[in-house]
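# A closer look at the structure
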Amino acid sequence: MTPEPALQAVGLTRTYGAVRAVDGVSFTLPRGGSLGIVGESGSGKTTTARIVVGLEQADSGGVTVGGQDRSARGRGRAHRLARAREVQMVFQDPYLSLDPRTSVASVLHETLRLHFPGRDHPHRVRELLDRVGLAARAADARPGQLSGGQRQRVAIARALAVEPAVLVLDEAVAALDVSVQAQILNLLSDIREQTAVGYLFITHDLGVVRCVTDDVIVMRHGRIVEAGATAAVLAAPRHPYTRLLLDSVPHPGWDPEQIAAARRAL
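Below or above, wherever it landed, is the structure these notes cover.

Rules of the game
- Residues numbered from 1 in each chain as written.
- Predicted model: local features only at pLDDT ≥ 70, side-chain atom pairs only at ≥ 80, totals over all residues.
- Heavy atoms only, no water.
- Helix = DSSP H or I, 4+ residues; strand = E, 2+ residues; numbered from the N terminus.
- Buried < 20%, exposed > 50% of the residue type's maximum accessible area, 1.4 Å probe, protein only.
- Contact = heavy atoms within 4.5 Å.
- Areas by Shrake-Rupley, 256 points an atom, 1.4 Å probe, with all protein chains shown as cover.
- Salt bridge = Lys/Arg side-chain N within 4 Å of Asp/Glu carboxyl O.
- Polar contact = N/O pair within 3.5 Å; in protein donor to acceptor, adjacent residues only side chain to side chain.
- Phe/Tyr/Trp six-rings, centres within 6.5 Å; stacked < 30°, edge-to-face > 60°.
- Pairing = 2+ DSSP bridges.

### Notes on the overall build of the chain
- Scanning the chain from terminus to terminus reveals 11 helices and 10 strands.
- Based on the C-alpha atoms only, the size of the chain along its principal axes is roughly 60 × 45 × 40 Å.
- Looking at the chain residue by residue over its 266 residues, the buried ones come to 45%.
- For the chain, long-range pairs separated by at least 24 residues make up 66% of all intrachain contacts whose partners lie at least 6 apart in sequence.
- In the form shown here, the chain has an accessible surface area of approximately 13,300 Å², with 50% of it arising from carbon and sulfur atoms.

As structure tokens, this is what we get:
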């Protein structure tokens, strides 16, 4: 018997006035899988992610996690906490989502206390810090005392604390130096090997997609224009927009004027 996918989106649509930000978007993320959603600013990828997490409500279509419908807004604290445990989000700038007055240990303790009262929280905090590659001494540090890469590790630890089925990573390494990006991407790869969590990567960076996703969908103007196995899509893109994204990556002989002309022609 085939297991239910970690996440499935069917026919998602979201309109703001005359703008259709998301237009009939459907995709499936297998358990433990890694799916990239790629597109430039305004493509609809971030709105799609916010619908999946529950920060936005789709006008039509639905989202299921482990076969359970997440589309309807439920009432009550217990329902909201249960939804939060299913899907967690890691943002581009963790400094904005971490309280600058609160230590790393306190951030993790508060998350655990909220979702799992009665458990051995000190042990779990040590376990989470170890999983994301932070030394025990980082537990007493505040966000301002940490580097960008360390803060992103804290954000990942906090998301993993609730044992989600899906982790949505919205440009999660875009603000980091290249060497630190590689460290975080390697960390995420290790975590996926050790757990059953599925990843939904929202990014404009095809290098990130190439490194850490199994499958990819390409979005433009709210619609999916191409989808498939990451290696196949990047090796032989079928849609002109996907080819444009690949050609836009600087390389020897790169001609920005030619890229701009191709963009206008689409």
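### Observations regarding the pattern of salt bridges
- Applying the stated criterion to the full structure yields 10 salt bridges.
- A salt bridge links E127 to R124; the shortest N-O distance between them is 2.3 Å. Note that E127 and R124 are positioned in helix α5 (residues 121-131) at a spacing of three residues, about one turn of the helix.
- You can call R124 buried: its relative accessible area is 16%.
- Shared partners join several salt bridges into a network, and the residues in it are R14, R50, E56 and D59.

### What to know about the environment of E56
- By the element assignment, E56 lies in the loop between α1 (45-53) and β4 (60-65).
- Given the relative accessible area of 17%, E56 is considered buried.
- Separated by 42 residues in the primary sequence, E56 and R14 have C-alpha atoms spaced 8.8 Å apart.
- Among the polar contacts listed, one links the side chain of E56 to the side chain of R14, at a separation of 3.5 Å.

### Details of the side chain of T48
- With respect to the helices and strands, T48 occurs in helix α1.
- Of note is the side chain of T48, whose polar atom sits 2.8 Å from the backbone oxygen of G44.
- Beyond its immediate sequence surroundings of up to four residues, T48 is in contact with L12, V22, V25, F27, I37 and M219.

### Notes on the packing of aromatic side chains
- Counting across every chain of the model gives one aromatic pair.
- Ring centres of Y199 and F201 lie 5.6 Å apart, and the angle between their planes is 85 degrees; this geometry places the pair in the edge-to-face category.
- Judged by its relative accessible area of 1%, Y199 falls in the buried class.
- On the basis of relative accessibility, which here comes to 4%, the residue F201 falls in the buried class.

### Re the pairing of strand β9 (residues 215-220)
- Where strand β3 (residues 34-38) lies against β9, four bridges are found, and the strand directions are parallel. Bridge pairing in β9 links I37 to I217.
- With six bridges joining them, β9 and strand β10 (residues 223-229) adopt antiparallel strand pairing. Residue pairing for β10: M219 is matched across the bridge by I224.

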